[in-house]
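So the chains spell out like this:
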Amino acid sequence: MSVPSDTLQQVFERTFAGIRQGREAFTPQLAPHEVGRVMTVSTGIAKVSGLPNVGYEELLKFQGGVFGIAFNVDEEEIGVVLLGEYVALQAGDEVTRTGRVMDVAVGEGLLGRVVDPLGRPLDGGGRVMASQRLPIERPAASIMDRAPVTVPLQTGLKVIDALIPIGRGQRELILGDRQTGKTALALDAILNQHDQNVVCVYCAIGQRASSVARTVAILREKGALAYTVVVVTEGNDPPGLAYIAPYAATSIAEHFMEAGRDVLIVYDDLAQHARAYRELSLLLRRPPGREAFPGDIFYIHSRLLERATHLRKELGGGSLTALPIIETEAQNISAYIPTNLISITDGQIYLSPTLFELGVLPAVDVSKSVSRVGGKAQRAAYRAVAGDLKLAYAQFEELETFARFGARLDDNTRKAIEHGQRIRACLKQAESAPVSVPAQITILLALTAGLFELVPLAQMADAEKAVQDAAVNIPTDVLARLEVAENLGDTDRQAIIEIARLALLRFQPGANPEAKSANPPSAQIKKP
């Protein structure tokens, strides 16, 4: 088909006119582009020159896709903390500025995923779908933006919920020697949030790969991974990743908090974080202080834990509860890093190796543990029994020490020791087996009412399990009042105690097991 020549001529003229117009409208822009050079590379850090306008904690990009954070900004050189494998870096390599600080992907797409502090997936589940990115270092909420801690965070652990309660928005330190159950305690708290509408973030700092794999397997097996984000740095990762890990995990948690949700974050553990920061600081020639830690070691932990809070209703009413874990050496809780964290947090849970060796699990030393905030958020039913229980347990521990010397005991002392032994037996709990609130209250009320006194110590585990199972018989109206009532009424108290008494009938001396099986407690309960 032939096209008229005049038509083609018009097309060419319009095309060239458009090109001419675009060329005349174009104005070349000159943008400054700073390129630095690597001077030296050592374990986890690099010294860089040639970036005069770089900012503190700005993200820098090296050859090979390795990133770093500007840490020491001096006149002649910049000390950079590397965030990846640096074996391929060498002196003379180019370094470019990114113009932004370190940030991390956040959003609903991270739930159920295992990622590193840079947001890269470690679970083989494909790309992480994030709604936005937040800087890992963010200012904590101001005082006027915070609300009082008024709602309890139930851990499912009887000894904690009753004697060392935690509120949503609190910071409660978990400390103890190696292999005393610190991580198991924190995992139990995560497992208990399955029906509490609480998002969980577990941050593993410098852990062995086998330990992290076991933790993720427990969360997946118990169905807790669906509402949990796992942020991981392993022991062989660069120290820079271990340093930024808790900050990145906190930004992930803050995204959910600012959306009005309640969040629980576990830092496991901050002793490794402090060691990673000490290593980086010494390599960067920062002056060492006590135990070779730099002078700002307190500040890096305080600015991290200050981000845990409960926001006002006008800001969504979300909360961020922090459970930092710290490893002590030879039960020395007065060492530098533990005392720093004790002074920053709102209480501590101390796990005793002595109790652990005796088989008292969880090995919580009640005399050295305290919650400075959670008591105000504790349910009224717990407050009705917690005071007497903690006093009786403290007296028992003191009397138990003297009883070891073989001294003759009067009747009152012997009864106090026997009562304390039953309290200790009831506070024992298997790992990954959280106990519901009604079951806990039933057991605690039975303790304070002396219902376990006639039960032989050898049968205490079975008796406690029977009371726990019998808690399903608590009337619905009583359960509703346990949730909202400001005080535990006498009628409700007696109804729960009666349920426990019937459950313990078969454990009393002279009881007939056959008669018990013929008349189960559930058939004898009178609804108030």
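Each remark here, short or long, concerns the structure printed above.
Cut-offs and rules
Residues numbered from 1 in each chain as written. Predicted model: local features only at pLDDT ≥ 70, side-chain atom pairs only at ≥ 80, totals over all residues. Heavy atoms only, no water. Helix = DSSP H or I, 4+ residues; strand = E, 2+ residues; numbered from the N terminus. Rg over C-alpha atoms; globule rule 2.2 N^0.38 Å. Buried < 20%, exposed > 50% of the residue type's maximum accessible area, 1.4 Å probe, protein only. Contact = heavy atoms within 4.5 Å. Areas by Shrake-Rupley, 256 points an atom, 1.4 Å probe, with all protein chains shown as cover. Lys, Arg positive; Asp, Glu negative; His and termini not counted. Charge placed at Lys NZ, Arg CZ, Asp CG, Glu CD. Pairing = 2+ DSSP bridges. Axes fitted to C-alpha atoms, helices over the stretch in contact; angles between N-to-C directions. Expected span 1.5 Å × (residues − 1). Polar contact = N/O pair within 3.5 Å; in protein donor to acceptor, adjacent residues only side chain to side chain. Core = buried A, V, L, I, M, F, W, Y, C linked by side-chain atoms within 4.5 Å. Phe/Tyr/Trp six-rings, centres within 6.5 Å; stacked < 30°, edge-to-face > 60°. Lys NZ or Arg CZ within 6 Å of the ring centre and 35° of its normal. Salt bridge = Lys/Arg side-chain N within 4 Å of Asp/Glu carboxyl O. Parallel < 35°, antiparallel > 145°, perpendicular 65-115°, else oblique. Left-handed = near helix turned anticlockwise from the far one by under 90°. Nonpolar A, V, L, I, M, F, W, Y, C, P; charged D, E, K, R; others polar.

A.B. asks: It is not clear to me how the overall build of the protein should be interpreted in this structure. Could you clarify?
C.D. replies: Within the protein one finds 17 helices and 16 strands. For 528 residues, the compact-globule estimate of 2.2 N^0.38 gives 24 Å, and the C-alpha radius of gyration of the protein, at 30 Å, exceeds that figure by more than 25%. The buried share of the protein, reckoned over its 528 residues, is 50%. In the protein, once contacts between residues fewer than 6 apart in sequence are set aside, the share between residues at least 24 apart is 74%. Just so you have it, the protein exposes about 24900 Å², and 52% of that area is on carbon and sulfur atoms. Between the centroid of the 54 positive side chains of the protein and the centroid of its 61 negative side chains there is a distance of 3 Å.

A.B. asks: Could you clarify how one ought to interpret the pairing of strand β15 (residues 347–351) in this entry?
C.D. replies: Two faces, one strand: in a regular strand the side chains alternate between the faces of the sheet. Within β15, five of the five residues are buried, leaving the element largely enclosed by the surrounding structure. Side chains of β15 alternate between two faces, with G347, I349 and L351 and Q348 and Y350 buried alike. Where strand β10 (residues 173–176) and β15 come together, four bridges link them in parallel fashion. Note on β15: the bridge partner recorded for L173 is Q348. Judged from the two bridges that link them, β15 and strand β16 (residues 370–371) form a sheet pairing that is antiparallel. Directly across from Q348, in β16, lies its bridge partner V370.

A.B. asks: Sorry if this is basic, but what is going on with the sheet that holds strand β4 (residues 67–73) here?
C.D. replies: Each strand in a sheet pairs with its neighbour through backbone hydrogen bonds, running either in the same direction (parallel) or in the opposite one (antiparallel). Reading around the barrel, the six strands line up as β1-β2-β5-β4-β3-β6 and close back on themselves, with antiparallel pairing between neighbours. Each adjacent strand pair in this sheet contributes to an overall mean axis angle of 45 degrees, direction not counted. Relative to strand β2 (residues 45–49), strand β1 (residues 35–42) is paired through five bridges, and the arrangement is antiparallel. Its bridge partner being in β2, S42 is matched across the sheet by I45.

A.B. asks: Explanation requested: helix α6 (residues 270–283) in the structure shown.
C.D. replies: For an α-helix the count is 3.6 residues per turn, leaving residues at separations of three or four pointing the same way. Counted at 1.5 Å a residue, the expected span for α6 with its 14 residues is 20 Å, and the 20 Å between its end C-alpha atoms agrees. Sitting at the head of α6, D269 places a side-chain oxygen 2.8 Å from the backbone nitrogen of A271. Backbone geometry just after α6 places R285 at a positive phi near 65 degrees.

A.B. asks: What should I look at first to understand the nonpolar core in this one?
C.D. replies: When a protein is soluble and globular, its nonpolar side chains tend to lie buried together. Counting residues in each nonpolar core, the largest one holds 78 residues, and the members touching the most others are I190 and F452. The element best represented in this core is helix α12 (residues 437–448), accounting for eight residues. If near-sequence neighbours (up to four positions away) are discounted, F452 is found in contact with R422, C426, I443, A446, L447, M460, A463, E464, V467 and L504. Counting residues in hydrophobic clusters, the runner-up holds 61 residues, among them I69, L83, C203 and Y336.

A.B. asks: Can you help me understand the packing of aromatic side chains in this one?
C.D. replies: Ring pairs (aromatic) are described by centroid distance and by the angle formed between their planes. Applying the stated criterion across every chain, the model contains seven aromatic pairs. Here the aromatic residues Y56, F71, Y243, Y247 and Y277 are joined through ring pairs into a cluster of three or more. It is R278 that lies over the ring of F293; its NZ or CZ is 4.2 Å from the centre.

A.B. asks: Even after reading the chapter, I still don't get the environment of I497, so can you show me in this structure?
C.D. replies: For I497, the location among the structural elements is in helix α15 (residues 490–503). Assessed through its relative accessible area of 14%, I497 is described here as buried. Sequence separation between I497 and T448 is 49 residues, and the spatial gap between their C-alpha atoms is 9.7 Å. Excluding residues that lie within four positions of it along the chain, I497 makes contacts with L445, A449 and L451.

A.B. asks: I tried to follow the pattern of salt bridges on my own but got confused; where do I start?
C.D. replies: Pairing is possible between side chains that carry opposite charge, provided their charged atoms lie close to one another. Tallied over the full model, the rule gives 31 salt bridges. Across the salt bridge formed by R312 and D145, the nearest N and O atoms sit 3.6 Å from each other. One end of the pair, R312, is in the loop between α7 (297–305) and β14 (319–327); the other, D145, is in the loop between β9 (132–135) and α2 (158–163), and 167 residues separate them in sequence. When its relative accessible area of 27% is taken as the criterion, R312 is described as partly exposed. Notably, a salt bridge pairs R290 with E291, separated by 3.9 Å at the nearest N-O pair. Using a relative accessible area of 47% as the deciding quantity, one classes R290 as partly exposed. Here the salt bridges do not stand alone but share partners, grouping R138, E254, E258 and R307 into one network.

A.B. asks: Looking at this structure, I do not really get the packing of helix α5 (residues 239–258) against α7. What am I missing?
C.D. replies: Between two packed helices, both the angle of their axes relative to each other and the distance between the axes serve to describe the pair. One can describe the packing of α5 onto α7 by two numbers: an axis separation of 10 Å at closest approach and a directional angle of 15 degrees. On the basis of the axis angle, α5 is roughly parallel to α7. Taken as a pair, α5 and α7 cross one another with a handedness that is left-handed. In contact with Y243, P246, Y247 and T250 of α5, α7 contributes I300, R303 and L304. Split into classes, the residues belonging to the contact of α5 with α7 amount to five nonpolar, one polar and one charged.

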